[in-house]
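Notes for the structure review
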Amino acid sequence: MHQNSHSVVIIGYGGMGSYHAKLIKDNERVKVVGTYDIDSVRAEASTQDGYRAYPSLEAVLEDKTVESIVIATPNDSHKEIAVRAFASGKNVICEKPVTMNVSEFEEMTAAAEQAGKVLMVHQNRRWDEDFLIIKQMYDQKSIGDLFRIESRVHGANGIPGDWRHMEVHGGGMLLDWGVHLLDQALFMIDSKITSVSSRLSFILGDEVDDGFEATIQFENGISYLIEVGTTNFITLPRWYVKGTEGTGIIEDWSMTGRTVTRNREVEHVEPKPIQAGVGLTKTMAPPSEEATITGVLPEPFRQPSSFYDNFADVLDGKAEPIVKNDQVLRVLNLIEAIFEGGRTGETIRDFDQY
Ligand code: NAD
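Residues numbered from 1 in each chain as written. Predicted model: local features only at pLDDT ≥ 70, side-chain atom pairs only at ≥ 80, totals over all residues. Heavy atoms only, no water.

Looking at an unreviewed UniProt entry, the protein carries the name Oxidoreductase, with the source organism given as Paenibacillus apis.

Here the focus is the overall build of the protein. A tally of helices and strands in the protein yields 9 helices and 16 strands. Counting only C-alpha atoms, the protein reaches 75 × 45 × 40 Å along its principal axes. Accessible surface computed for the protein: about 17,300 Å², of which carbon and sulfur atoms make up 49%. Between the averaged position of the 34 positive side-chain charges in the protein and that of its 54 negative side-chain charges there is a distance of 3 Å. (Helix = DSSP H or I, 4+ residues; strand = E, 2+ residues; numbered from the N terminus. Areas by Shrake-Rupley, 256 points an atom, 1.4 Å probe, with all protein chains shown as cover. Lys, Arg positive; Asp, Glu negative; His and termini not counted. Charge placed at Lys NZ, Arg CZ, Asp CG, Glu CD.)

Below, the discussion takes up the domain arrangement of the protein. Domain boundaries in the protein define domain 1 (6-122), domain 2 (126-253 + 333-349) and domain 3 (256-296). Taking only C-alpha atoms into account, the centre of domain 1 sits 28 Å from that of domain 2. At the junction of the two partners, domain 1 supplies 8 residues and domain 2 supplies 11 residues. In total, domain 1 and domain 2 occlude about 850 Å² of area from one another, counting both sides; carbon and sulfur atoms represent 58% of this. Where domain 1 meets domain 2, there are 1 salt bridge. Residue D176 is joined to K96 by a salt bridge in which the shortest nitrogen-to-oxygen separation is 3.5 Å. Remark: the boundary between domain 1 and domain 2 carries 4 residue pairs in polar contact (both at pLDDT 80 or more). (Domains from an automatic or database assignment. Contact = heavy atoms within 4.5 Å. Buried area = accessible area lost by both parts, 1.4 Å probe. Salt bridge = Lys/Arg side-chain N within 4 Å of Asp/Glu carboxyl O. Polar contact = N/O pair within 3.5 Å; in protein donor to acceptor, adjacent residues only side chain to side chain.)

Right, let's talk about the sheet that holds strand β16 (residues 348-349) for a bit. Read from one edge of the open sheet, 9 strands run β15-β12-β11-β10-β6-β9-β8-β7-β16, paired in mixed fashion. Only two strands of the sheet have a single partner each, and these edge strands are β15 (292-295) and β16. With 7 bridges joining them, strand β6 (residues 146-154) and strand β9 (residues 223-229) adopt parallel strand pairing. Residue pairing for β9: V153 is matched across the bridge by V228. Contacting β6, β7 (193-201), β8 (211-218), β9 and β10 (239-243), helix α7 (residues 173-188) runs over the sheet at an angle of about 155° to β9. Lying on the sheet, helix α9 (residues 325-344) is in contact with β7, β8 and β16; it crosses β7 at an angle near 55°. (Pairing = 2+ DSSP bridges. Axes fitted to C-alpha atoms, helices over the stretch in contact; angles between N-to-C directions.)

This paragraph deals with the site of the ligand. Taken together, the neighbourhood of the ligand is formed by 23 residues, with M16, D37, N75, K96 and N124 sitting nearest. A distance of 3.0 Å separates an oxygen atom of the ligand from a polar atom in the side chain of W163. Between the ligand and R164 there is a distance of 2.8 Å, counted from an oxygen atom to a side-chain nitrogen or oxygen. Coverage of the ligand by the protein amounts to 82% of the 850 Å² it exposes when considered alone. Looking at the shell around the ligand residue by residue, the classes come out as 8 nonpolar, 9 polar and 6 charged. Counting only domains with at least three residues in the shell around the ligand, you end up with domain 1 (6-122) and domain 2 (126-253 + 333-349). (Near = heavy atom within 4 Å. Nonpolar A, V, L, I, M, F, W, Y, C, P; charged D, E, K, R; others polar.)

Whenever strands of a sheet pair, they do so through backbone hydrogen bonds, lying parallel or antiparallel. In spatial order, the strands read β2-β1-β3-β4-β5; together these 5 strands make up an open sheet with parallel pairing. Each edge of the open sheet carries a strand with a single partner, namely β2 (30-36) and β5 (119-121). Within this sheet the neighbouring strands show an average axis-to-axis angle of 25°, counted without direction. Each of β1 (6-11), β3 (68-71), β4 (91-94) and β5 touches helix α4 (residues 78-87); the most contacted strand, β3, lies at about 180° to it.

A few words on the packing of helix α5 (residues 102-115) against α9. Orientation of α5 relative to α9, taken along the N-to-C sense of each, is 165°, at an axis distance of 9 Å. The angle between α5 and α9 falls in the class roughly antiparallel. Viewed along their axes, α5 and α9 form a crossing whose handedness is left-handed. Here V102, F105, E106 and T109 of α5 lie close against α9, whose contacting residues are N325, V328, L329, L332, N333 and E336. (Parallel < 35°, antiparallel > 145°, perpendicular 65-115°, else oblique. Left-handed = near helix turned anticlockwise from the far one by under 90°.)

Below, the structure written as structure tokens:
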């Protein structure tokens, strides 16, 4: 073990738990010393992968050599596991959505504070390249001031066939992908939310939403659309953004995209009318070639460190968490407003804890 390495046990060795094990393998300062999963098949998988499978959560929490745990179980179990871990003097990395709602999260952060332990939520999509390119466009105004941002993830496979179908486990797409896209929005836009309007989709007949749309208005004038769909056999681009000088697009996860901006070097060229459908239009005619510049996407914004390096730095007292708990709380509060708007059909205002 690296001299200063921090020991963690992964609670829930399913899809994401085993992914954490892979992530941590690449990090010299954090080491997985075991796992615990209620399912014996997953416990066996952990042993096969070379990790000690603890027989119970108690056994993990009683083990004084374990400094921290990673919680990667279904959403409804996060709070109880975290509160018990803090009471046993462990630090916690918790998967998203950290809890089912604001009040559970307040209980969790109070327990962390009382124990004097670290709680960091794995909002890993703050490190996604597509997002970091858009953040760079926003910060550097490369297509002018952004005033409209559309962030979408589309699939056609419905809700995955597990606990994500069930309300009691915190299923549904708003709590699943939604929390990532909302976290990105609030991390990027430093402005108070004035209102949110939303619509949840129940087209597949599940008891939880199979997708949703939310339009967030920020005090600084930005209108931000977030859309998650699991019934989209043809997908819309991952990002479509409009700025005062042009438009940007990122099509997919392989960063296919471009910007088109107005060319300030040339005199305004009046567009020529084109035939559109059975009519003529000048308004919707494409701008002349010399009037615009097609550019490549900017280099992404660079996060100061990886999630696990940041975690190690926080434990060593060398850095603040990149994912801060008051930011996580703000996102959960926004999720509650989106659920409320979906239920009532009303635009929700005066809720943001900016
Ligand atoms: P999963 O069903 O694949 O795995 C969950 C595992 O937890 C299962 O092996 C199950 O047996 C085990 N488990 C259930 N209750 C337990 C308990 N009380 N104690 C110990 N083990 C228990 O689910 P998943 O897709 O890995 O999702 C787990 C968590 O990770 C969820 O909160 C999910 O939202 C999150 N997640 C995050 C990302 C991301 O990119 N950050 C991606 C996928 C999932």
